[in-house]
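# A look at the structure
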Amino acid sequence: MAEIPGTPPLIDTHCHLDLRQFDADREQVIERAMASGVRVFINPAIDLDSCRRVLALADRYGAVYAALGVHPNDCADFDEETLAALRDMAQHPKVVAIGEIGLDYYWEKVDHDRQKAALAAQLALASELKLPVILHTRNARDGDGRCIDDLLREIALAQQSYARWWPEIRTSQGDDAIFGVWHAFSGTLDHAFRAYELGLVLGLGGPVTFQNARRLHSLAPQLRADRLLLETDAPYLAPHPYRGQRNEPAYLPLVAGALADLYNITADQIAAHTTATARRCFTLE
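Throughout what follows, the structure given in this document is the object of discussion. Because the structure is predicted, anything quoted here is derived from the model rather than measured.

Before going further, it helps to spend a moment on the sheet that holds strand 8 (residues 228-230). In spatial order, the strands read 1-2-3-4-5-6-7-8; together these eight strands make up an open sheet with parallel pairing. Across the chains shown, the open sheet's two edge strands, defined by having one partner strand only, are strand 1 (10-12) and strand 8. Each strand axis lies, on average, 30° off the axis of its neighbour in the sheet, ignoring direction. One ladder, built from four bridges, connects strand 2 (residues 38-44) with strand 3 (residues 64-68); its direction is parallel. Directly across from P44, in strand 3, lies its bridge partner A67. Along the sheet face, helix 1 (residues 26-35) touches strand 2 and strand 3 and points at about 135° away from the line of strand 2.

Next comes the structure, spelled out in structure tokens:
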């Protein structure tokens, strides 16, 4: 999986390098990823302890950038103190987003109204700090799609109510303006176009390589290539042929290759599109 000379650099826009699955060989994991062409890692947090670990990694590794936030499955105790701690930590110069935040109706760990309150508070914080957001959503086990609808409704409400910076960006950048990322996109084509209207770009990872992911294979080439980001969600959702094993950012070229096949373009073109979009989203040089 060596890097091909001349290939555009890749950005893993969603990986959890701070988790214990990487404690034994984190340095080697980053080295393997760099050798495969990954040049930047966006590491979202899931709770306050994770925020501190992510910032420590960002301090240690020049290629690692931080996103700070409280995941919907971890927001049961979210309060004003939590928000104040996030605001304080987000002053770090390598914080490029607020996330991973959102709604999760699959695990039912936290009451839906509490999830929405934590999401709204963190969307307001992102607006205050003029940072993009990294969004998580997962529908209920019975396939009920209310989670996605509720997430999009919360984003629209935020933009209308308190995301004061968003109209200015939308006016200056038009359709290219980016409000945030819908991580691990799992919606329909209609959801994708609703997301575009809200200034969201869509993150795709290992599942696009799964041989039985026929719905995603049909959907992916209908999505705007200029609104896509590559991600691994490592250590989760390893791509084929590593499915079921620990995922790591070195496998990101497999995601790029699968998307290139679906779009009938080259992997270099996918890399160029997604890297340019990631740089704009997270204001990376």
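With that settled, consider a negative patch on the surface. Residues D77, D79, E80 and E81 make up a contiguous surface patch of negative charge. By secondary structure assignment, the location of E81 is in helix 3 (residues 80-89).

Turning our attention to the nonpolar core. Counting residues in hydrophobic clusters, the biggest one holds 84 residues, and the most contacted among them are L17, F41, L68, F179, L202, L223 and L259. Residues within four places of L17 in sequence aside, it is in contact with F22, R26, V29, I30, F41, N43, L57, V64 and P249. Of all hydrophobic cores here, the second largest spans 15 residues; its members include I11, I134, I178 and A278.

Cis geometry marks the peptide bond from G99 to E100; its omega dihedral reads 20°. Assignment of secondary structure puts E100 in strand 4 (residues 95-104). At the junction of H240 and P241, the peptide bond is cis and its omega measures out at 10° in the coordinates. Along the chain, P241 falls in the loop between strand 8 and helix 9 (252-263).

Our next topic: helix 5 (residues 146-161). Every α-helix winds through 3.6 residues per turn, so residues three or four apart in the chain are directed the same way. A rise of 1.5 Å per residue sets the reference length of helix 5, with its 16 residues, at 22 Å; its end C-alpha atoms lie 22 Å apart and thus fit the reference within 8%. The set of residues buried in helix 5 consists of C147, I148, D150, L151, L152, E154, I155, A156, A158 and Q159.

Where helix 2 (residues 48-60) contacts helix 3, the two axes come as close as 11 Å, and the packing angle between them is 5°. In this view, helix 2 runs roughly parallel relative to helix 3, as classed from their interaxial angle. Touching L48, C51, R52 and L55 of helix 2 are T82, A85, L86 and M89, all from helix 3.

Gaps between atoms show up when a probe of the same size as a water molecule is rolled over them. Each pocket or cavity is described by its volume, and for the largest pocket that value is around 1,100 Å³. Lining the largest pocket are 37 residues, with H136, R138, A184, D233 and L237 sitting closest to its centre. Elements that contribute at least two residues to the lining of the largest pocket include exactly strand 4, strand 5 (133-138), strand 7 (200-204) and helix 8 (214-219). Its residues assigned to classes, the lining of the largest pocket shows 15 nonpolar, twelve polar and ten charged.

Turning our eyes to something else, we now look at the side chain of Q159. Mapped onto the elements, Q159 comes out in helix 5. Among residues more than four places away in sequence, those in contact with Q159 are W166, F179 and L198.

A few words on the packing of aromatic side chains. Within the structure shown, the criterion is met by five aromatic pairs. Note on Y242 and Y251: the rings are 4.0 Å apart at their centroids and 5° apart in plane angle, and the pair reads as stacked. Using a relative accessible area of 11% as the deciding quantity, one classes Y251 as buried. One Lys or Arg, K94, reaches over the ring of Y65 and ends 4.8 Å from the middle of that ring. Directly above the aromatic system of F210 lies the positively charged group of R243, at a separation of 3.7 Å from the ring centroid.

Conventions adopted
Residues numbered from 1 in each chain as written. Predicted model: local features only at pLDDT ≥ 70, side-chain atom pairs only at ≥ 80, totals over all residues. Heavy atoms only, no water. Pairing = 2+ DSSP bridges. Helix = DSSP H or I, 4+ residues; strand = E, 2+ residues; numbered from the N terminus. Axes fitted to C-alpha atoms, helices over the stretch in contact; angles between N-to-C directions. Contact = heavy atoms within 4.5 Å. Patch = residues over 30% accessible without salt bridge, like charges linked within 9 Å, V, L, I, M, F, W, Y side chains within 5 Å. Areas by Shrake-Rupley, 256 points an atom, 1.4 Å probe, with all protein chains shown as cover. Salt bridge = Lys/Arg side-chain N within 4 Å of Asp/Glu carboxyl O. Lys, Arg positive; Asp, Glu negative; His and termini not counted. Charge placed at Lys NZ, Arg CZ, Asp CG, Glu CD. Core = buried A, V, L, I, M, F, W, Y, C linked by side-chain atoms within 4.5 Å. Buried < 20%, exposed > 50% of the residue type's maximum accessible area, 1.4 Å probe, protein only. Expected span 1.5 Å × (residues − 1). Parallel < 35°, antiparallel > 145°, perpendicular 65-115°, else oblique. 1 Å grid on protein atoms, 1.4 Å probe; cavity = no way out; pocket = protein on both sides within 12 Å on 5 of 7 lines; lining within 4 Å. Points joined across faces, edges and corners; volume = space filled by probe spheres on them. Nonpolar A, V, L, I, M, F, W, Y, C, P; charged D, E, K, R; others polar. Phe/Tyr/Trp six-rings, centres within 6.5 Å; stacked < 30°, edge-to-face > 60°. Lys NZ or Arg CZ within 6 Å of the ring centre and 35° of its normal.

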